[in-house]
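Each chain, letter by letter, is given below.
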Amino acid sequence: MMNAELTPELRALAQQSFQHQAAGRFAEAAQGYAAVLSRAPGVWSACYNLGLVYQHLARLPEAADMYMRAVQLNPQLAEAYNNLGNVLKALKNEMAAIDAYRRAVDLKPQLSEACYNLATMLQTRGEHTAANDMFRKTLATNPAHLSAWDALYRSLLGLRQVDEAAEVFLAWDRAMPPSPELVTAGLALCRSIGDRALEARYLALALDWPFTEFTPEQFVPVLGMIQYFDVTREQILGCYRRYDGIMASRKPVIIPLLPRRAVDARLRIGYVSADFRRHVMGRWMLEVISRHDRSLVSIFLISTCSPREYDVVTDAFRSHADGFADISELDDLAAAKSIAEADLDILVDLAGHTMAARPGIYVHRPARSIVTHLGYHGCLGLSAVDYKLTDHVADVADAGQFQIEQPFALETCVFPLVRVAPAADYPVPGANPELEGKFVFATFTNELKLSARCLAVWRRVLDALPEAVLLFSPLSPAQHRSIERIMAAGGIEKSRIVFLNVPVQDALWRARYRLVHAVMDTFPYAGGDTTLAALDMGVPVVTLCGLRHSERVGASILSHLNIRELIANSEDEFVEIAVKLARDAAFMAQTRKRIEAAVAETDVDTYTRSLERAYTEIAARKPVDASMSLSAQDFFRQLREAMHRHQAAVDDKERGAVAAIYATLRREQPDYSP
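Residues numbered from 1 in each chain as written. Predicted model: local features only at pLDDT ≥ 70, side-chain atom pairs only at ≥ 80, totals over all residues. Heavy atoms only, no water.

**Q** Is there a simple way to explain the packing of aromatic side chains in this structure?
**A** Both the distance between ring centres and the angle between the ring planes are used here to describe each pair of aromatic rings. A full pass over the atoms with the stated rule returns 22 aromatic pairs. Above the ring of F229, the side-chain terminus of R191 is found at 4.3 Å from the ring centroid. Looking at R512, its charged tip hangs above the ring of F444, at a distance of 4.2 Å from the centre. (Phe/Tyr/Trp six-rings, centres within 6.5 Å; stacked < 30°, edge-to-face > 60°. Lys NZ or Arg CZ within 6 Å of the ring centre and 35° of its normal.)

**Q** Just to check I follow, could you spell out the pairing of strand β2 (residues 267–273) for this structure?
**A** Every other side chain in a regular strand lies on the same face of the sheet, so the side chains alternate between the two faces. Counting buried positions along β2 gives seven out of seven residues, so the element sits mostly inside the fold. What you see with β2 is no split at all: L267, I269, Y271 and S273 on one side and R268, G270 and V272 on the other are buried throughout. Examined bridge by bridge, β2 and strand β3 (residues 297–303) share seven bridges and lie parallel to one another. Each bridged residue has a counterpart across the sheet, and for V272 the counterpart in β3 is I302. Regarding topology, helix α15 (residues 280–289) serves as the crossover connection from β2 to the parallel β3, and that connection is right-handed. Bridge count for β2 against strand β5 (residues 346–349) is four bridges, and the pairing is parallel. Note on β5: the bridge partner recorded for G270 is L347. (Buried < 20%, exposed > 50% of the residue type's maximum accessible area, 1.4 Å probe, protein only. Helix = DSSP H or I, 4+ residues; strand = E, 2+ residues; numbered from the N terminus. Pairing = 2+ DSSP bridges. Right-handed = clockwise from strand over helix to strand, strands pointing away.)

**Q** How should unusual backbone geometry be read in this particular structure?
**A** A negative phi angle characterises most non-glycine residues, just as the trans form characterises most peptide bonds. The step from Y426 to P427 runs through a cis peptide bond, and the omega angle for that step is -5°. Residue placement: P427 occurs in the loop between β8 (406–410) and β9 (439–442). With an omega dihedral of 15°, the bond running from F523 to P524 counts as a cis peptide bond. Tracing the backbone shows P524 in the loop between β12 (518–520) and α21 (529–536). In this structure, R365 is a non-glycine residue whose phi angle is positive, near 55°.

**Q** What's the story with the side chain of D311 in this structure? I'm lost.
**A** Counting through the fold element by element, D311 comes out in the loop between β3 and α16 (312–319). Judged by relative accessible area, D311 falls into the buried class, the value being 17%. Within the structure, the side chain of D311 is placed 3.0 Å from the backbone nitrogen of R278, a separation counted as a polar contact. In contact with D311, other than residues within four places in its own chain, are R277 and R278. (Polar contact = N/O pair within 3.5 Å; in protein donor to acceptor, adjacent residues only side chain to side chain. Contact = heavy atoms within 4.5 Å.)

In structure tokens, the structure reads:
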């Protein structure tokens, strides 16, 4: 339906309203369009533009009404259906939003934004195949749609369709100039593709970072992956400084903390993680947290994962904590404010720069001291974070010069050795005939750890040991081809590779080491949990010790077990140790016996006591006056209640009562200014 005829006066008013809209004067534009429609309700363009204006003014129900009027007047208006979908999505009416997007795509298949919006909604609902088809349709109509390239690549990678993700990345690389998203995709996939030149190009882009406009969220993946590459400590420090600078440029709000606290000798420790559930980190930390001396520490757990992922392990965590908070739906500032009310002495980050990390919370300083621990083999790179927990082997003496957080060395290994009982009936004898008569080196790791330098050394070991094979145990059979490509790029023949696919269960993952004679560690990103798992099963791990934390954690684990004969200080020595394990039966037997004895003497209680001593020393560096009669929870509860009563007060009596509460709270915290 065409626009109704306008009088010259209304045409002028509509034009003036459009000028207000273009200039960002949305209130004036809304008044003008409403005046036009009051006299000419059949003008679909005025309905459509008023819908846009209401969207800008966050008057979403009214915007939806205007878009629906527009499509009633002009049923072919695909743009109005697309915008209606956006509004309905914001109003949490997902099914209606999907219907609106579908209508827009049906009317105008070349409307790339409608295709993209529909794809994202389908993806949210778990309809990944349909979503990916729609992302591809978006790109067919608009090959320069950066978000669609990024979303499609990430979706395929998340579905473990590595080959398809690689194809999309290569097409993206050809179609678009470098962007932060493309660089992080390049770092993540370059090894799976097996293209060394491509890896070098994207590594250089990650280090040089030629982008002037970017967000911290766009740079975080670089920090998460750069440790896997052969770069210098100076280059990693440059990445930390870039990240810290962009975070500081946001001028974060610093959360006021209580200057005084309740009389309680216990330390108040908060752990932040997405893994208070079945997960490697969950397994480790449940063992630690369950052993905390509750007469010494009070434990608060802050979960960043969706409650949909909680399980029986989550219940176990709750049973060992004084408080459990879900901040998954809160933005960083709101989460920081929530954490600050727990009155923590130390807030412990357990995510690093992994996918579910929330480093943006820490810039608001929601605790007296903040430390980062485990998560990944690196630092957060934030001035707001006080310490990075480490040990005297995992970091060399001058490590602090190349990171932003101050290193704080535990008395024990930085990693806890948590024992897991292997499945009794796995593997079935004879189930893996391709391993019969072979010396089996386990490589239970992800592809990103398979650096060119690492593979070159492994190849030397295999050349010296014709009877040896590499046993991979990827999460999905879909990864086999990418692993074969990586090996081929490193000069390792397919005949030297064996695959073992095992369900993701702790007991089965431990039991698979019964097939293994030894492990060759990766570098420059050494194994953590995989090294501990092998040693738990008495399997030797050969590791190469370097300068960076990421290439010293294997040496740290072995040093604290006093199994130093497996630590190589050069590539030649690495080859010698690996060959000796295979050829010298006495050395192998003696080494396994020593590993089993050392592991038997290791316990998580000792590790936990070391952690508590570290917390005590860190907290002592920022002492607090413990003289408040109220607990922090009671203080904030009374403060919120008083503020609510203050806002609702209608007479002097109520205002006086509120003033008395304020006076009491002020005596408790005379220097606190919320």
